[in-house]
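# Examining the three-dimensional arrangement
One-letter residues, chain by chain:
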Amino acid sequence: MNNSILSEFRNSIRRIERFLFASIKDDGTCCGVTFNECHILMEIDKNRKIVMKDLAGTLGMDKSIISRSIEGMVRNDLISREELTDDRRKKNIVLTGNGKKKADSINQYMNSKYSELFSSMNESEVEKVIESAKILADLFDKWALLTEKSECCRGGNNDCCN
């Protein structure tokens, strides 16, 4: 593929990253929960229940990070654990009533933010952006499954990863 096209793509991704990181930094938290807790809530809300291993895989997070986040979320009455009848060692993670309320408020807040973002576009343009975002997200998911972090970026050598 042409290097100028790849460079343009990388530049666009960096601009998106800067926007997303700035909006996260400005909010500080996601409706009163941490960034990781927000993603955990959204994933449980989408699936209704999920085991920790699947949650860690879906979010691309280390199980220890997920476990620590879950402990705090259980203490804060946002989620609970339910034993599986066929395997007592595994537990489904589900939203509590408070967790569902928090997930609903996050969804409402984020929907209003993205509605504002799309307000200057017509419906056809919005559909194109959403379809492109789906394609890109799927592509990144496939890429993550197929590759490990590039050799040049391991051990803190980021010279080639700019």
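Residues numbered from 1 in each chain as written. Predicted model: local features only at pLDDT ≥ 70, side-chain atom pairs only at ≥ 80, totals over all residues. Heavy atoms only, no water.

## Looking at a positive patch on the surface
Threshold: Only residues whose relative accessible area exceeds 30% and that form no salt bridge are eligible for patches; like-charged ones are grouped when within 9 Å, while nonpolar side chains (Val, Leu, Ile, Met, Phe, Trp, Tyr) are grouped when within 5 Å. Each accessible area is a Shrake-Rupley estimate made with a 1.4 Å probe; only the visible protein chains count as cover when residues are assessed. Think of a salt bridge as a Lys or Arg side-chain nitrogen and an Asp or Glu carboxyl oxygen that are within 4 Å of each other. When charges are counted, neither His nor the chain ends are considered; positive counts come from Lys and Arg and negative counts from Asp and Glu. Charge positions are represented by NZ for Lys, CZ for Arg, CG for Asp and CD for Glu. Working definition: helices are DSSP H or I runs of at least four residues, strands are E runs of at least two. Numbering for both runs from the N terminus. Throughout, exposure labels follow a simple rule: accessible area from a 1.4 Å probe, protein chains only, divided by the maximum for the residue type, with under 20% read as buried, over 50% as exposed, and the rest as partly exposed.
On the surface, Arg 10, Arg 14, Arg 15 and Arg 18 cluster together to form a positively charged patch. Mapped onto the elements of the fold, Arg 15 is located in helix α1 (residues 3-27). According to the relative accessible area criterion, Arg 15 is exposed, its value standing at 53%.

## Remarks on the environment of Ile 44
The condition is simple: The criterion used for residue contact is that any of the two residues' heavy atoms lie within 4.5 Å.
You can see Ile 44 is positioned in helix α2 (residues 35-47). Along the backbone, Ile 44 and Gly 99 are 55 residues apart, and their C-alpha atoms lie at a distance of 9.5 Å. Excluding anything up to four places from it in sequence, Ile 44 contacts Lys 49, Ile 50, Ile 79, Ile 93, Val 94 and Leu 95.

## Examining helix α6 (residues 123-146)
Selection rule: Expected span of a helix, by definition, is 1.5 Å for each gap between consecutive residues, and there is one gap fewer than residues. Side-chain atoms alone can form a polar contact between residues adjacent in sequence; in general such a contact is a pair of N or O atoms within 3.5 Å, and within protein one must be able to donate a hydrogen while the other accepts it.
Taking 1.5 Å per residue as the helical rise, α6 with its 24 residues ought to reach 34 Å, and the 35 Å between its terminal C-alpha atoms agrees with that figure. The N-capping residue of α6, defined by a side-chain oxygen 3.0 Å from the backbone nitrogen of Ser 124, is Asn 122.

## Structural notes on a nonpolar patch on the surface
A cluster of nonpolar side chains, namely Ile 16, Phe 19, Leu 20, Tyr 114 and Leu 117, defines an oily patch on the protein surface of about 450 Å² accessible area. When residues of the nonpolar patch are assigned to their parent elements, the largest contribution, 3 residues, is made by α1. On the secondary structure map, Leu 117 appears in helix α5 (residues 97-118). Relative accessible area serves as the criterion here: at 43%, Leu 117 is assigned to the partly exposed category.

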